[in-house]
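# Summary of structural features
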Amino acid sequence: MTAPTLEIHLSDDDLTSALRADARLGLTADPKWLPPKWFYDARGSELFEQITELPEYYPTRTERALLERVVGEIARTAQAEVLVELGSGSAAKTRLLLSALTAEGPLKTYVPQDVSSAALRAAAAEIAAEFPGLAVHGVVSDFTDTLHNLPGGGRRMIAFLGGTIGNLVPAERAEFLSSIYDVLEPGERLLLGAGLVIDPAVLVPAYDDAAGVTAEFNRNVLHVLNNRLDADFEPDKFAHVALWDAEHEWIEMRLEASEDMTVTVRDLDLTVQFARGEQMRTEISAKFGIDGLDAELAAAGFKTEQVWTDPDDRFALVLAARS
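Quick summary incoming for the structure in this document.

Each value, and the rule that gives it
- The residue numbering used here restarts from 1 in each chain and proceeds along that chain's sequence as written.
- Whole-chain, interface and lining totals are the exception, using all residues; otherwise, since this is a predicted model, local features are given only for residues with pLDDT of at least 70 and side-chain atom pairs are given and counted only at 80 or more.
- To get the side-chain values, take all heavy atoms of the structure and skip hydrogens and water.
- The rule for pairing is simple: two strands pair if DSSP sees at least two bridges between them.
- By definition, any uninterrupted DSSP run of H or I lasting at least four residues is a helix, any uninterrupted run of E lasting at least two residues is a strand, and each is numbered from the N terminus.
- Only the contacting stretch of a helix is used when fitting its axis, a line to C-alpha atoms as for every element, and angles between N-to-C directions run 0 to 180 degrees.
- Geometric relationships in this document are graded by angle, where less than 35 degrees denotes roughly parallel, more than 145 denotes roughly antiparallel, 65 to 115 denotes roughly perpendicular, and other angles denote oblique.
- Handedness of each helix crossing follows the sense of rotation of the near helix against the far helix: counterclockwise by less than a right angle gives left-handed, clockwise gives right-handed.
- Pairs of residues are marked as contacts when any of their non-hydrogen atoms sit within 4.5 Å.
- We call a residue buried when its accessible area falls under 20% of the maximum for its residue type, exposed when it is over 50%, and partly exposed in between, using a 1.4 Å probe and counting protein chains only.
- Here the term right-handed applies to a crossover when the path leading from its first strand over the helix to its second strand runs clockwise, the strands being oriented away from the viewer.
- One side-chain nitrogen of Lys or Arg within 4 Å of one carboxyl oxygen of Asp or Glu is enough to make a salt bridge.
- Each polar contact in these results corresponds to two N or O atoms within 3.5 Å; when the atoms are within protein, one needs to be able to donate a hydrogen and the other to accept it, and residues that are neighboring in sequence are counted only if both atoms are side-chain atoms.
- Pairing of aromatic rings covers Phe, Tyr and Trp, the last counted by its six-membered ring, and requires centre-to-centre distances within 6.5 Å; plane angles under 30 degrees mean stacked, over 60 mean edge-to-face, and any other angle means tilted.

### Let's talk about the sheet that holds strand β7 (residues 238-245)
Across a sheet, strands are paired by hydrogen bonds formed along the backbone, either parallel or antiparallel in direction. Taken in spatial order, the three strands of this open sheet run β7-β8-β11, and their pairing is antiparallel. Each edge of the open sheet is held by one strand with a lone partner, namely β7 and β11 (279-286). Direction aside, the axes of adjacent strands within the sheet are offset by 20 degrees on average. In this structure, β7 lies alongside strand β8 (residues 250-257), joined through eight bridges in antiparallel fashion. The residue of β8 that forms the bridge with Asp-245 is Trp-250.

Structure below.
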């Protein structure tokens, strides 16, 4: 077995600087907002893993079942020599892809990318042990602005799964997809996982579960600010809100202040006022139609080769090629 390698383009200091910039921008905006990537410290990652097991939260199990059904076809079509996974996390679903790509094609290298060096190191070691003939080359970076750091050489397929594309607003999605197109060579592919627009009666509970796990996950961003920026938020004084925005076709998660309060973020020398009932957006999760996905990919230059959906049309996997 070849030991996995780790390439670091994002240090803890870089992450702190980015958090400081995002917190200052979002907390002084009107209305206030925070980016969803700051949910994911160790506790936030644990809570999200719990969310994926909840009965209401269909996306993870739906995508996995769909991937199990079509992964052989993906592998035969892509014939990838290098699999790059953006936001790999624990690489749970990746094992399906790796097994199929090694069985059906010439896969030689797996490149997991994530912001967490600890999570990436652990996942890379596990994958290297499970697939001893595979070179594993981890990249610690932020997928939104360091795509140019991804290694080239060999026919690549970039996988971006989990519906994470929906966390980006349309302008961000357009820029991101164009950036992926720019780093790929002709004939290389993108495998995209995206949630589809469905009945809000099913959709909203997936982001507002009865056990309150998603509420704790949402409030965790305030714990992150307290721990990383010496803020004095009282997370229990913020209620979790999940709303379906039919116009934009996305779920919004928000935190609502239960009373008037003053919050100090000492590392930023910033004082923030919250009025009772004021809401701060912490995440969007956009959902898509098939035609809309195809149009966004085409606008970035991609040609959609194949789209697979689950039997209930809740989730889609799209294989697209750079022409």
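### Describing the packing of helix α1 (residues 12-27) against helix α8 (residues 213-229)
In contact at an axis separation of 11 Å, α1 and α8 are set at 120 degrees when each is read in the N-to-C sense. Looking at the two axes, α1 sits oblique to α8. Considering only the axes of α1 and α8, their crossing is left-handed. For the pair α1 and α8, the contacting residues are Asp-12, Leu-15, Thr-16, Leu-19, Arg-20, Ala-23 and Leu-27 in the first and Val-224, Leu-225, Arg-228 and Leu-229 in the second.

### Re the environment of Asp-230
Along the chain, the position of Asp-230 falls in the loop between α8 and β7. A relative accessible area of 35% means that Asp-230 is categorised as partly exposed. Separated by 36 residues in the primary sequence, Asp-230 and Arg-266 have C-alpha atoms spaced 5.4 Å apart. The residues contacting Asp-230, other than those within four sequence positions of it, are Leu-225, Thr-264, Val-265, Arg-266 and Asp-267.

### Considering the sheet that holds strand β6 (residues 189-195)
Reading across from one edge, β1-β4-β3-β2-β5-β6-β13-β12 is the order of the eight strands in this open sheet, with mixed pairing throughout. Strand pairing shows two members of the sheet lacking a second neighbour, β1 (5-8) and β12 (302-309), which therefore form its edges. In this sheet, neighbouring strand axes are inclined to one another by 20 degrees on average, regardless of whether the strands run parallel or antiparallel. Note: strand β2 (residues 82-86) against strand β3 (residues 109-114), five bridges, orientation parallel. Across the sheet, residue Val-84 finds its bridge partner in β3, namely Val-111. Its contacts with the sheet place helix α3 (residues 59-78) against β5 (156-160), β6, β12 and β13 (315-322), and it is angled at close to 30 degrees to β13. Along the sheet, helix α5 (residues 117-130) makes contact with β1, β3 and β4 (135-140), crossing β4 at roughly 170 degrees.

### Here we look at the pairing of β6
Regular strands place their side chains on alternate faces of the sheet. In terms of burial, β6 is largely enclosed, as seven of its seven residues are buried. Neither face of β6 is left uncovered, since the one carrying Arg-189, Leu-191, Gly-193 and Gly-195 and the one carrying Leu-190, Leu-192 and Ala-194 both have all their residues buried. Crossover handedness for the path β5 to helix α6 (residues 170-183) to β6: right-handed. In this sheet, β13 lies alongside β6 in antiparallel orientation, the contact comprising seven bridges. In the sheet register, Leu-191 faces β13, and the bridge partner there is Leu-319.

### What to know about the pattern of salt bridges
All told, the structure shown has 20 salt bridges when counted by the stated rule. One salt bridge connects Glu-68 with Arg-64, and the closest N-O pair in it is separated by 3.5 Å. Of this pair, Glu-68 and Arg-64 both sit in helix α3, separated by four residues, roughly a single helical turn. For Glu-68, a relative accessible area of 45% translates into the label partly exposed. Arg-95 serves as the salt-bridge partner of Glu-130, at 3.0 Å between the closest nitrogen and oxygen.

### Considerations on the side chain of Arg-189
Relative to the assigned elements, Arg-189 resides in strand β6. Of the polar contacts made by the side chain of Arg-189, one reaches the backbone oxygen of Gly-187; its length is 3.2 Å. In contact with Arg-189, not counting residues within four places along its chain, are Thr-77, Ala-78, Arg-156, Met-157, Ile-158, Leu-184, Glu-305, Leu-319, Ala-320 and Ala-321.

### What to know about the packing of aromatic side chains
Summed over the entire model, instances satisfying the criterion amount to 14 aromatic pairs. Geometrically, the ring pair formed by Phe-48 and Phe-217 is tilted, given 5.9 Å between the ring centres and 40 degrees between the ring planes. Note that Phe-48 is positioned in helix α2 (residues 42-52) and Phe-217 in helix α8, a separation of 169 residues in sequence. Overall, the relative accessible area of 23% leaves Phe-48 in the partly exposed class. Using a relative accessible area of 3% as the deciding quantity, one classes Phe-217 as buried. An angle of 65 degrees between the planes, with centres 6.0 Å apart, marks the rings of Phe-233 and Phe-274 as edge-to-face. Here Phe-274 lies in strand β10 (residues 270-274) and Phe-233 lies in the loop between α8 and β7, a separation of 41 residues in the sequence.

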